[in-house]
Amino acid sequence: MVNLLLKKMEQTREMMIRSGVENGLQNAKTIQLSRRLDQLMNTYYRQTAFEEKEDHDDLFQYSE
């Protein structure tokens, strides 16, 4: 799941940059891609933070 998110983030970032260069930073398509990238990044952050918490909890579970 995380690898798929990273791939989608990179693709969206490239499309956003291309749109910004071709259409301008205030263009609706560029802004839409920027928002999509923000959503993907937030999802990635939540996913990795959750996985890190699980790993952290597992360490303490075995030490008790």
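Residues numbered from 1 in each chain as written. Predicted model: local features only at pLDDT ≥ 70, side-chain atom pairs only at ≥ 80, totals over all residues. Heavy atoms only, no water.

Caption draft 1: How the structure looks around helix 1 (residues 2–23). For helix 1, which comprises 22 residues, the first-to-last C-alpha distance of 31 Å matches the rise-based estimate of 32 Å (1.5 Å per residue) to within 8%. Looking at the residues trailing helix 1, positive phi occurs at Gly24, about 100°. (Helix = DSSP H or I, 4+ residues; strand = E, 2+ residues; numbered from the N terminus. Expected span 1.5 Å × (residues − 1).)

Caption draft 2: The pattern of salt bridges, seen in detail. Tallied over the full model, the rule gives one salt bridge. Residue Glu10 is joined to Arg13 by a salt bridge in which the shortest nitrogen-to-oxygen separation is 2.7 Å. Residue Glu10 and its partner Arg13 are located together in helix 1, separated by three residues, close to a single helical turn. Of the residues examined, Arg13 reaches a relative accessible area of 34% and is grouped as partly exposed. (Salt bridge = Lys/Arg side-chain N within 4 Å of Asp/Glu carboxyl O. Buried < 20%, exposed > 50% of the residue type's maximum accessible area, 1.4 Å probe, protein only.)

Caption draft 3: Broad picture of the nonpolar core. Counting six residues, the largest nonpolar core is built from Leu5, Met9, Met16, Leu33, Leu37 and Leu40. Of all the secondary structure elements, the ones that give two or more residues to this core are helix 1 and helix 2 (28–63). Ignoring sequence-local partners within four residues, the contact set of Met9 consists of Leu37, Leu40, Met41 and Tyr44. (Core = buried A, V, L, I, M, F, W, Y, C linked by side-chain atoms within 4.5 Å. Contact = heavy atoms within 4.5 Å.)

Caption draft 4: Just the environment of Gln39, in detail. Within the fold, Gln39 resides in helix 2. Expressed as a C-alpha distance, the spacing of Gln39 and Met9, which sit 30 residues apart in the sequence, is 9.3 Å.

Caption draft 5: Seen up close, the environment of Asn27. Positionally, Asn27 belongs in the loop between helix 1 and helix 2. At a separation of 2.8 Å, a polar atom in the side chain of Asn27 contacts the main-chain amide nitrogen of Lys29. (Polar contact = N/O pair within 3.5 Å; in protein donor to acceptor, adjacent residues only side chain to side chain.)

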